[in-house]
Amino acid sequence: MTIIYLIRHGQAEGNLYRRCHSWHNGLLTRRGREQAKALEQRFQGVHFDAVYSSDLYRAMATARAIYRSRGLPLRVDPNLREIGAGVWEDVPWGQLLHDQRERLSAFLSCDPGWQVEGSETFPQVRQRMAASLTRIAATHPEQTVAVISHGCAIRAALSAFLGMDPADMGQIPLSNNTGVAKLIWENGGFRVEYYNDDSHLSASDRWRYPTAQSNASSGIPGMERNAMHHRSLILPQEEELYLSACHDAGIMPYTFLLNDPDSLLLSLLGDRPAGVLQMDRTREAEQGAGWLTLLWMEPEFRGKGLAIQLLGHAICTYRAMGRQILRLSCPPECQRFRQFCLAHGFTQADGQPDVLETYIGLEL
């Protein structure tokens with residue numbers, strides 16, 4: 001008998017920023033790191049003979065909670081990756097909801113027929129996950145193994161091992177981050193002892209992905225409430241909104257950016273303007289830095305946890321440009337915005353009390 005603990009990674013940037021990160025790499029968030037610590041405590045005293053992970057950062061970083069303290073090597077297997085999303089990679093969920101609602105509904109329900117350009121299908125993921133886990137079990141007879149993978153990939157594997165029709169895969173709820181499934185391999189097959197067990201998490205760490213529903217009808221309304229999309233500000237029609245946002249934020253307008261449509265964005269919840277994001281993409285570019293010059297929310301959308309999606313869009317934009325540091329101006333008297341930034345990894349720049357910065361490069 002071989003025991004496999006199949007574990008979802010900790011909360012990652014794609015979860016928090018509300019973006020489609022399948023094969024797209026992103027880091028664990030602060031909450032994700034706390035979830036990994038709770039996972040480490042859960043398995044204290046449990047003997048492991050091997051630890052496997054997909055080759056994506058969020059999975060490998062979560063795997064450290066198990067292999068590092070035991071002195072085990074991490075065995076990386078690309079076949080444990082999340083479902084490949086093709087042209088959807090790093091697109092905000094709100095954008096997909098706005099532009100491709102029916103296709104998104106099919107994705108959320110794990111429709112076997114779902115596919116976009118460059119993507120996998122759910123049956124393909126089910127096949128490769130089942131094959132990979134079977135190989136791992138055969139490699140470790142009578143041993144205990146940890147495998148860190150991803151939400152949809154784990155659902156696909158579970159649907160196979162539970163003997164479900166591929167069309168019914170969406171009936172399995174998406175696991176919380178670091179949720180655990182226990183698989184028993186014996187007599188040439190898998191038995192699922194339990195799945196989606198997140199009992200090691202505190203109530204504050206039991207953050208659920210807003211689309212983590214068993215069917216599309218419940219997932220789409222959740223996205224309508226909290227998944228934003230972004231587009232270039234339309235000028236001159238929306239210039240007054242921009243000037244009003246600058247005035248409210250207490251900054252001078254960057255009028256030279258009005259000619260750079262990719263630097264000045266309107267963030268929308270559905271069709272309602274909810275915020276303005278402005279990036280100076282040339283400032284300190286030679287130093288590997290990107291500047292966020294305005295992050296503003298309409299008053300009715302403040303305090304709802306939506307601003308992180310604007311910050312996430314800036315981070316993903318600059319990271320794709322090869323930048324390593326994100327900087328912004330925030331005088332000490334702007335306490336609310338300052339606390340928001342500090343809570344999301346910013347620190348005060350050396351010798352610059354009005355400047356906050358954070359490292360945005362990819363590293364474990």
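As the structure is a prediction and not an experimental result, all values here were calculated from the model.

**Focus on the overall build of the protein**
Item 1. The secondary structure content of the protein amounts to eleven helices and 13 strands.
Item 2. Taking 21 Å as the expected radius of gyration for a compact globule of 364 residues, we find that the protein reaches 22 Å, a close match to that expectation.
Item 3. Working note: accessible area of the protein is about 15500 Å², and carbon and sulfur atoms make up 48% of it.
Item 4. Between the centroid of the 36 positive side chains of the protein and the centroid of its 40 negative side chains there is a distance of 5 Å.

**So, the nonpolar core**
Item 1. Membership of the largest hydrophobic core comes to 47 residues, with the highest contact counts inside it found for Trp88 and Leu133.
Item 2. Phe301, Ala314, Phe340 and Ile360 belong to the second largest nonpolar core, which has 29 residues in total.

**A look at the layout of surface pockets**
Item 1. Here the second largest pocket is characterised by a volume of approximately 200 Å³.
Item 2. In terms of lining residues, the second largest pocket is bounded by Leu28, Arg33, Ala36, Lys37, Glu40, Ala61, Arg64, Ala65, Arg68 and Ser69.
Item 3. Elements that contribute at least two residues to the lining of the second largest pocket include exactly helix H2 (30–42) and helix H3 (57–67).
Item 4. In terms of residue count, H2 provides more of the lining of the second largest pocket than any other element does, four residues in total.

**Focus on H2**
Item 1. Between its first and last C-alpha, H2 extends 19 Å over 13 residues, near the 18 Å set by a 1.5 Å rise per residue.
Item 2. All of the buried residues along H2 are Gly32, Gln35, Ala36, Ala38 and Leu39. All buried residues of H2 fall inside an arc of 160° around its axis, so they share one side. Opposite the buried face of H2, at more than 90 degrees from it, the exposed residues are Arg30 and Gln41.
Item 3. Where H2 is buried, its residues touch strand S1 (2–8), H3 and strand S5 (180–186).

**Notes on the side chain of glutamate 120**
Item 1. Take glutamate 120: it is sitting in the loop between helix H5 (101–108) and helix H6 (122–139).
Item 2. Exposure remark for glutamate 120: the relative accessible area of 13% places this residue in the buried category.
Item 3. Not counting the four nearest positions on each side in its chain, glutamate 120 is found in contact with Trp23, Glu82, Ile83, Gly84, Trp114, Gln115, Val125 and Arg128.

**Quick notes on the confidence of the model for the protein**
Caution applies to low-pLDDT regions: their predicted coordinates should not be interpreted in detail.
Item 1. In this model, the protein carries a mean pLDDT of 94, and residues with pLDDT of at least 70 account for 96%.
Item 2. Between residues 209–217, whose pLDDT stays under 50, and residues either more than four places distant or in other chains, the model counts 25 contacts.

**Some thoughts on the pattern of salt bridges**
Item 1. As enumerated under the stated definition, the model contains 16 salt bridges in all.
Item 2. Here glutamate 357 makes a salt bridge to arginine 327, at a shortest N to O gap of 2.8 Å. Placement of the pair is glutamate 357 in strand S13 (residues 352–359) and arginine 327 in strand S11 (residues 325–329), with a sequence separation of 30 residues.
Item 3. A relative accessible area of 15% places arginine 327 in the buried class.
Item 4. Here the salt bridges share partners, and the residues they tie into one network are Lys182, Glu186, Arg191 and Glu193.

**Some points on the packing of aromatic side chains**
Item 1. Tallied over the entire structure, the rule returns twelve aromatic pairs.
Item 2. In this structure an aromatic cluster arises from ring pairing among Trp88, Trp93, Phe107, Trp114 and Phe122.
Item 3. Stacked on the ring of tryptophan 23, the Lys or Arg arginine 81 has its end atom at 4.8 Å from the ring centre.
Item 4. One Lys or Arg, arginine 283, reaches over the ring of tryptophan 291 and ends 3.5 Å from the middle of that ring.

**So, the sheet that holds S11**
Item 1. Taken together, seven strands build an open sheet; the order of strands is S7-S8-S9-S10-S11-S13-S12 and the sheet is mixed. In this open sheet, the two strands that pair with only one neighbour each are strand S7 (229–232) and strand S12 (347–349). Ignoring strand direction, the axes of neighbouring strands in this sheet form an average angle of 35°.
Item 2. Of the strand pairs in this sheet, strand S9 (residues 272–280) and strand S10 (residues 289–297) are connected by six bridges, and their pairing is antiparallel. Pairing of leucine 277 across the sheet is with leucine 295, part of S10.
Item 3. With respect to the sheet, helix H11 (residues 335–343) is in contact with S10, S11, S12 and S13, its orientation differing from that of S13 by roughly 30°.

The rules we used
Residue positions are counted from 1 within each chain, in the order its sequence is given. Local features in this predicted model are restricted to residues of pLDDT 70 or higher, and side-chain atom pairs are both shown and tallied only at a pLDDT of 80 or more, whereas totals for entire chains, interfaces and linings draw on every residue. As a convention, hydrogens and water are excluded, and side-chain values are obtained from all of the structure's heavy atoms. The numbering of helices and of strands both runs from the N terminus, where a helix is a DSSP run of H or I of at least 4 residues and a strand a run of E of at least 2. Radius of gyration here is computed from C-alpha atoms only, and the compact-globule reference equals 2.2 Å multiplied by the residue count raised to the power 0.38. Using the Shrake-Rupley algorithm and a 1.4 Å probe, accessible areas are obtained, with residue cover drawn only from the displayed protein chains. Positive charge is attributed to Lys and Arg, negative charge to Asp and Glu, and no charge count is given to His or to the chain ends. For the purpose of locating charges, the reference atoms are NZ of Lys, CZ of Arg, CG of Asp and CD of Glu. For this analysis, a nonpolar core means a set of buried residues of the types Ala, Val, Leu, Ile, Met, Phe, Trp, Tyr and Cys, connected via side-chain atoms within 4.5 Å. Summary of the burial criterion: residues with accessible area below 20% of their type's maximum are buried, those above 50% are exposed, and those between are partly exposed, where the area comes from a 1.4 Å probe applied to protein chains only. Cavities and pockets are defined on a 1 Å grid built over the protein atoms alone: a cavity is a set of grid points where a 1.4 Å probe fits but cannot escape, while a pocket is an open set with protein on both sides within 12 Å along at least five of seven lines, and lining residues are those with an atom within 4 Å of any such point. Grid points are joined across faces, edges and corners, and a volume is the space filled by probe spheres set on the points. Multiplying 1.5 Å by the residue count of a helix minus one yields the expected span of that helix. Directions are taken from the helix axis to each C-beta atom, and the arc is the one they span. Note on contacts: a residue pair is in contact if any heavy atoms of the two residues lie within 4.5 Å. pLDDT is a per-residue confidence score from the predictor, ranging from 0 to 100. Salt bridge, as applied in this entry: a Lys or Arg side-chain nitrogen positioned within 4 Å of an Asp or Glu carboxyl oxygen. What counts as a ring pair is set by centres within 6.5 Å for rings of Phe, Tyr and Trp (its six-membered ring), and what kind of pair is set by the plane angle: stacked under 30 degrees, edge-to-face over 60, tilted for all other angles. A ring is considered to have a charge above it if a Lys NZ or an Arg CZ atom is located within 6 Å of its centre and within 35 degrees of its normal. Strand pairing is assigned whenever DSSP identifies at least 2 bridges connecting the two strands. The convention used is that axes are lines fitted to C-alpha atoms, helices contributing only their stretch in contact, and that angles between N-to-C directions extend from 0 to 180 degrees.

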